[in-house]
Amino acid sequence: MAKPKVATTSLAGCFGCHMSILDIDDRILKLIELVDFDKSPVNDIKKFTGRCLVGLIEGGCCNEENVRVLQDFRAHCDILISVGDCAIMGGIPAMRNTIPLKECLDEAYLNGPTVYNPTKTIPNDEEIPLLLNRVYPAHEVVTIDYFLPGCPPPADTIWEALTALLSGKPLTLPYQLIKYD
Amino acid sequence: MNDRFAFTIDGVEVQGRPGQTIMQAADEAGIYIPRLCSHKELAPHGSCRVCTVLVNGRPQTACTQPAGPGIIVENSSEALLAIRCNLIEMLFIEGNHFCMFCEKSGNCELQALAYRFGIMAPKYPYLFPTRELDASHPDIFIDRNRCILCGRCVRASRDLDGKNVFQFVGRGPRKRIAVNAKTALADTDAARADKAVSACPVGAILRKRVGYGIPIGQRMYDAAPIGSDIEAARAHPHK
Ligand code: SF4
Ligand code: SF4
């Protein structure tokens, strides 16, 4: 029987949650016995090769590319999990949400104390994904089935969640594994 | 004194004394009623509604409602838990709670209640309001992004510190905590050791130069949920 497939992505995140996935240490050997990895930075597969059981989402949506990737994950995965505070509430990138986008760009490219930008241009190449007005939590863009809070969620949390879902058990985390930091 | 009377909380018989609130009697009996704006040393405020219980079928705040002989109190039903979760979730989305870098994290009562209730993510959309920070004072600061308008600082400053540093201004969504001075916190007689500072349940009023003082794992609510201390009294009754 083919193994169930897991896909992962980092949207507006710092890859810390992916580090936490790797932090399950030698249990990763057990994990690859249980699942195959599809689209993921872990194996560098860029496009979905088929239907996946679980999609792990790190990061919220800060640009249009994030939105497209997230919608692609929703289309290909039976279960989508928001992994970490950025996917759940925007996280550090969402600190810009209380500041108008233009002010952020002006500060980053024109007015910041260390900026050297003689042409006074704000990057606007069509290759660069367009920024959204603010950073959106993943569940405000597509339906998310489970949430694993933490910055990042501890490896044990991710392991507990994955193994519970793979064995069809309900996902209930012990008190000590629910953390927002 | 032998004017004690009996009533029940979730079917368990509890002893009350005249003048006690339901919350005080419950605390003595080792039954935890979740709360946020309530503080042992301060007069009840009844504003956060987290301690809402059903008294003979009617919703009442346990921090203000007197205990009485024979009353039937319901504290831990699914329906009440749902109401409390909603209140906590609304407090999260109404402010800007970046727990990942908040110095109060691990010792924060709002966060601790969310943990106790097992909230993985709020069901409401985040509002990301614009809130002001006041870092003018040399020893303490106010970060209104995290203020939940519980009024503990107002009561503590007035009733315990005898200073009246804090007050609410504005109404509805514009309501915010302000200081009784022309411009900023630095112009008040607020001081580092004020009870008003330690009374804040969240990271909205903090002492400067403390930072992340306690290692992760040893903070107040890392290992056991908020309210465990009260519930422990039930396991080891002392009177
Ligand atoms: S005040 Fe509490 S809930 Fe808010 S950011 Fe700080 S730790 Fe989190
Ligand atoms: S500053 Fe703290 S104590 Fe004062 S109202 Fe806000 S949350 Fe409550």
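For the structure, see preceding data.
## A few points about the pattern of salt bridges
Moving on, step 1. Inspection of the entire model under this criterion finds 21 salt bridges over all chains.
Moving on, step 2. For K40 of chain B, the salt bridge goes to D27 of chain B, with nearest N and O atoms at 3.5 Å. Taken as a pair, K40 of chain B in the loop between α1 (22-28) and β3 (52-55) and D27 of chain B in helix α1 lie far apart in primary sequence, 13 residues in all.
Moving on, step 3. When its relative accessible area of 69% is taken as the criterion, K40 of chain B is described as exposed.
Moving on, step 4. Relative accessible area serves as the criterion here: at 14%, D27 of chain B is assigned to the buried category.
Moving on, step 5. We note a salt bridge from R116 of chain B to E231 of chain B, for which the minimum N-O separation is 2.7 Å. Placement of R116 of chain B in helix α3 (residues 109-116) and of E231 of chain B in helix α6 (residues 228-235) is noted, with a sequence separation of 115 residues between them.
Moving on, step 6. A cluster of three or more residues bridged by salt bridges with shared partners is formed by D181 of chain A together with R219 and D222 of chain B.

## Quick look at the nonpolar core
Moving on, step 1. Judged by nonpolar contacts, the single largest core of 70 residues is most densely connected at L36, I88, L110 and F166 of chain B.
Moving on, step 2. If one sorts the elements of this core by residue count, helix α6 (residues 155-166) of chain A sits on top with 6 residues.
Moving on, step 3. Here this core gathers at least three residues from each of two domains, domain 1 (5-76) and domain 2 (84-207) of chain B.
Moving on, step 4. Discounting residues that sit within four places of it in the chain, L110 of chain B has contacts with L36, I88, L91, F92, H97, I148, P201 and V202 of chain B.
Moving on, step 5. Membership of the second largest hydrophobic core comes to 30 residues, among which are F48, V67, L70 and F147 of chain A.

## Remarks on the site of ligand 1
Moving on, step 1. Taken together, the residues surrounding ligand 1 are F92, H97, F98, C99, C102, S105, C108, L110, Q111, R146, V202 and G203 of chain B.
Moving on, step 2. Split by residue class, the shell around ligand 1 holds 7 nonpolar, 4 polar and 1 charged.

## A word on the interface of chain A and chain B
When the parts come together, some accessible area is lost, and that loss is often what is quoted as the size of the interface.
Moving on, step 1. Contacts between the two partners involve 24 residues from chain A and, on the opposite side, 30 residues from chain B.
Moving on, step 2. Across the chain A/chain B interface, buried area totals approximately 2200 Å², and carbon plus sulfur atoms make up 67% of it.
Moving on, step 3. Counting the surface chain A buries against chain B, the share from its top three residues, M89, Y175 and Y180 of chain A, is 34%.
Moving on, step 4. At the junction of chain A and chain B, the tally comes to 1 salt bridge.
Moving on, step 5. Its salt-bridge partner being R219 of chain B, residue D181 of chain A comes within 2.7 Å of it at the nearest N-O pair.
Moving on, step 6. There are 8 residue pairs in polar contact (both at pLDDT 80 or more) connecting chain A and chain B.
Moving on, step 7. Within the residue set of the side of chain A that touches chain B, elements represented by two or more residues are α4 (85-89) and β6 (131-136) of chain A.
Moving on, step 8. Classifying every residue of the side of chain A that touches chain B by side-chain character gives 14 nonpolar, 5 polar and 5 charged.

## Some details on unusual backbone geometry
A negative phi angle characterises most non-glycine residues, just as the trans form characterises most peptide bonds.
Moving on, step 1. For the bond running from C151 of chain A to P152 of chain A, omega is -5°, close enough to zero to count as cis.
Moving on, step 2. Mapped onto the fold, P152 of chain A is located in the loop between β7 (146-148) and α6.
Moving on, step 3. Not every positive phi belongs to a glycine, and D10 of chain B is a case in point at roughly 50°.
Moving on, step 4. Following the sequence through the fold, D10 of chain B ends up in the loop between β1 (5-9) and β2 (12-16).
Moving on, step 5. Residue classification places D10 of chain B among the partly exposed residues on the basis of a relative accessible area of 35%.
Moving on, step 6. With a phi close to 60°, R209 of chain B is a non-glycine residue in the positive phi region.
Moving on, step 7. Inspection of the secondary structure puts R209 of chain B in the loop between β10 (205-207) and α6.

## Re the layout of surface pockets
Residues and elements named next belong to chain B.
Moving on, step 1. The volume enclosed by the largest pocket comes to roughly 650 Å³.
Moving on, step 2. As for the largest pocket, its lining consists of 23 residues, of which E94, R131, L149, G172 and K175 are closest to the centre.
Moving on, step 3. At the level of elements, α2 (78-94) and β9 (176-179) are the ones that each hand at least two residues to the lining of the largest pocket.
Moving on, step 4. If you tally residues by element for the lining of the largest pocket, the top one is α2, at 4 residues.
Moving on, step 5. Across the lining of the largest pocket, the residue classes break down as 12 nonpolar, 4 polar and 7 charged.

Basis of the calculations
- Residues numbered from 1 in each chain as written.
- Chains lettered and ligands numbered in written order.
- Predicted model: local features only at pLDDT ≥ 70, side-chain atom pairs only at ≥ 80, totals over all residues.
- Heavy atoms only, no water.
- Salt bridge = Lys/Arg side-chain N within 4 Å of Asp/Glu carboxyl O.
- Helix = DSSP H or I, 4+ residues; strand = E, 2+ residues; numbered from the N terminus.
- Buried < 20%, exposed > 50% of the residue type's maximum accessible area, 1.4 Å probe, protein only.
- Core = buried A, V, L, I, M, F, W, Y, C linked by side-chain atoms within 4.5 Å.
- Domains from an automatic or database assignment.
- Contact = heavy atoms within 4.5 Å.
- Near = heavy atom within 4 Å.
- Nonpolar A, V, L, I, M, F, W, Y, C, P; charged D, E, K, R; others polar.
- Buried area = accessible area lost by both parts, 1.4 Å probe.
- Polar contact = N/O pair within 3.5 Å; in protein donor to acceptor, adjacent residues only side chain to side chain.
- 1 Å grid on protein atoms, 1.4 Å probe; cavity = no way out; pocket = protein on both sides within 12 Å on 5 of 7 lines; lining within 4 Å.
- Points joined across faces, edges and corners; volume = space filled by probe spheres on them.

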